[in-house]
Structures are given as C-alpha cells and as structure tokens.
Amino acid sequence: MLDAAAIAELADRVDGAQSNRRTIAKLTDDYPGMTVDDGYAVQDECLRRWQARGRALIGYKAGLTSRAKMIQMGVDVPSFGLLMRDTCDAEGGAVPTAGLIHPRVEGEIAYVMARDLSGPDVSIDQVHAATDFIQPAIEILDSRFEKFRFDLPSVVADNGSSARFVMGGRMRRPGDVDPATIGIVLEINGEAAALACSGAVLGHPARAVQMLVAWLHERGRILPAGSVVLTGAATEAMPIAKGDIVCARFQEMGSINVRID
Ligand code: OOG
C-alpha cells in the first residue's frame, strides 16, 4: 500500500486535473506498485476534500460492468465511484462540457434506493425490495488520462471517469418491468450510435448494486436510503462535442434528451 503522503500527492494530481481540464499520465507510470485499493484510497481522499468544499455525495456509480465497456477500456473488473450532486444535469436541458477534456456519453439504468441496504451478500430480491424505482440515465464520462488510456488503479483514483449525469424518462418499479431486458438506443444527432440490452450489465443491472453493497460492506459502509446508483453502461461510450443532441431511448422507460453545451 502507498503511504499517506503518496495518496495525498495522487489526490492533488487527480483533483487538479479534474478542476483544471488537464490531462495527466496514468498514475501507475510513477507508482508502478499502486494497487486498486490505493486507487480507492485516492478516491476517498478526493471525497474528503470535495465534502470539505461543500460538495454532496448523493450515490455511487458502477463502471466497467459490461463486456462492451471492459473490452473498450481493456479492464476486466468493475469499478465503483462517487456521484456528487453538482454533477447532475436536468433532462431536456444542456449538459455543460466546457470544463471537460474529451467527453463521451453512455446509457445505463439507475437505481434509486428507498431503504438502507447493507451486508456482504444481498440477493437481487433484496436489492429490489430496497429499491424505490429504476430510471433511465446517461452518463458523460471524461477521463483525465491521456487518450482515455488507464488501468484499474488509475481509473478508480479518477473516480471512474465521472463527469456529469442526467436522469430522465419514466420511473418504473422493478416488479413492473424486467430491468434485465430493456433495449437501449443511444442516438447522437438523430443517428443510432450505440444499441444494447440492459442485461449486458453483469446479466442483470441489479448485480451492479449487489456488488456495490458488498464493496461498501468490506469498507464498513452501507448504501443509504435515497442513494442513486448508476449501474454502468451496457454499450460502448461514444464521443460527443458541443452542439450535439443526444437522445437515449429506453424500451418501456421513455427517453432522455439533452444538448451538449
Ligand atoms: C471508465 C468508467 C466506465 C461505465 O459505465 O462502464 C463507466 C471509463 O470507461 O472511462 O462508467
């Protein structure tokens, strides 16, 4: 494990790159012994700093949960990251990307929790019993690493490339729709850019919530009621630029429309 001084130095790099639209080399170039746990220690240190600046944690994002994403990014284990309230944009509006380096968009299913959830091994039924509703979401990613080239410790430290997210469409209860068989079409400027089925995420997007709860449990934490969980992209992430119109259509769950600003 890296010592506290190294973790603080890496948090300076990541936080500085995120705030100043700067690319950095992957962290393992300078710290070849860096582990995934070190990556989470950097993420924790960033969270401590963000909360000290008044930013609020409203949930978590799972990433790299589908084969398409694992292949695209060359990683074979999911990652977990933090969702901050000030990175959420409204459906039907503009998503600000002037502060981003090379944004990409992806579509995914969000879970919103009605009750606290904790433990090493919750079942999908327990996840659904604790869920208030599921809802379409899009995530705008922005890796702070050059050309989106990273390894797992580095991307974890960079908060899973989190940049912005939007929730919209129709809220559904998991019992009223099968969360594992939702067709998703991601359109950019009216052209279908990516297609997927929600079950591409670990066979069922609730598995991402299960894994998140187990990961939180290992760290002595719980998933609190009210949390938003982004379960990870079913499709590859597509590059976007200012002026693009993004429409993500979710079978039986409506659509999300935004303009990239
Ligand atoms: C890492 C984050 C991936 C997802 O939904 O798979 C992610 C990246 O690809 O930059 O959020």
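The model shown is predicted, which means the values in this text are computed figures rather than measured ones.

1. Comments concerning the UniProt feature "domain: Fumarylacetoacetase-like C-terminal" (unreviewed entry) in the protein chain
- UniProt records the feature "domain: Fumarylacetoacetase-like C-terminal" (unreviewed entry) at residues 102-260, using the numbering of this structure.
- Along residues 102-260 the backbone is 16% helical and 36% strand, and the end-to-end C-alpha distance reaches 12 Å.

2. Structural notes on the site of the ligand
- Near the ligand, the surroundings consist of 17 residues, among which Lys-61, Leu-64, Glu-106, Ser-161 and Ala-233 are the closest.
- Between the ligand and the protein, one listed contact pairs an oxygen atom with a backbone N or O atom of Leu-64 at 2.7 Å.
- Residue Ser-161 places a side-chain N or O atom 2.6 Å away from an oxygen atom belonging to the ligand.
- When the free accessible area of the ligand is taken as 320 Å², the share hidden by the protein chains comes to 100%.
- Structurally, the ligand is housed in the largest cavity.
- Put simply, the parts of the chain that give the shell around the ligand at least two residues each are strand 1 (57-63), helix 3 (67-73), strand 5 (104-113) and strand 6 (131-141).
- Looking at which element gives the most residues to the shell around the ligand, the answer is strand 1, with 3 residues.

3. Looking at the pairing of strand 7 (residues 162-167)
- Within strand 7, 6 of the 6 residues are buried, which leaves it mostly tucked inside the rest of the structure.
- When strand 3 (residues 88-89) meets strand 7, the two strands line up parallel, connected through 2 bridges. Pairing of Asp-89 across the sheet is with Val-166, part of strand 7.
- When strand 6 meets strand 7, the two strands line up antiparallel, connected through 5 bridges. Paired with Ile-138 across the two strands is Val-166, which belongs to strand 7.

4. A word on empty space enclosed by the protein
- What the rule picks out here adds up to 1 cavity of 30 Å³ or more.
- Of the pockets and cavities examined, the largest cavity occupies roughly 100 Å³.
- Along the walls of the largest cavity sit 15 residues, with Leu-64, Lys-69, Leu-141, Gly-160 and Ser-161 positioned nearest its centre.
- Mapped onto the lining of the largest cavity, the elements with two or more residues apiece are strand 1, helix 3 and strand 6.
- Per-element tally for the lining of the largest cavity: the top contributor is strand 1, with 3 residues.
- Here the lining of the largest cavity is composed, by residue class, of 7 nonpolar, 4 polar and 4 charged.

5. With respect to helix 2 (residues 36-52)
- The end-to-end C-alpha distance of helix 2, which contains 17 residues, comes to 24 Å, matching closely the 24 Å that a straight helix rising 1.5 Å per residue would cover.
- What helix 2 keeps buried is the set Asp-38, Gly-39, Tyr-40, Val-42, Gln-43, Glu-45, Cys-46, Leu-47, Arg-49 and Trp-50.
- At its buried positions, helix 2 is contacted by helix 1 (4-20), strand 1, strand 2 (79-84), helix 5 (152-157) and helix 6 (206-218).
- Residue Thr-35 occupies the N-cap position of helix 2, its side-chain oxygen lying 3.4 Å from the main-chain nitrogen of Asp-37.
- Count one or two residues on from helix 2 and you reach Gly-54, which has phi positive near 90°.

Criteria and cut-off values
Residues numbered from 1 in each chain as written. Predicted model: local features only at pLDDT ≥ 70, side-chain atom pairs only at ≥ 80, totals over all residues. Heavy atoms only, no water. UniProt positions renumbered as here; feature names shortened; annotations may be inferred. Helix = DSSP H or I, 4+ residues; strand = E, 2+ residues; numbered from the N terminus. Near = heavy atom within 4 Å. Polar contact = N/O pair within 3.5 Å; in protein donor to acceptor, adjacent residues only side chain to side chain. Areas by Shrake-Rupley, 256 points an atom, 1.4 Å probe, with all protein chains shown as cover. 1 Å grid on protein atoms, 1.4 Å probe; cavity = no way out; pocket = protein on both sides within 12 Å on 5 of 7 lines; lining within 4 Å. Sits in = over half its atoms within 2 Å of the grid points. Buried < 20%, exposed > 50% of the residue type's maximum accessible area, 1.4 Å probe, protein only. Pairing = 2+ DSSP bridges. Points joined across faces, edges and corners; volume = space filled by probe spheres on them. Nonpolar A, V, L, I, M, F, W, Y, C, P; charged D, E, K, R; others polar. Expected span 1.5 Å × (residues − 1). Contact = heavy atoms within 4.5 Å.

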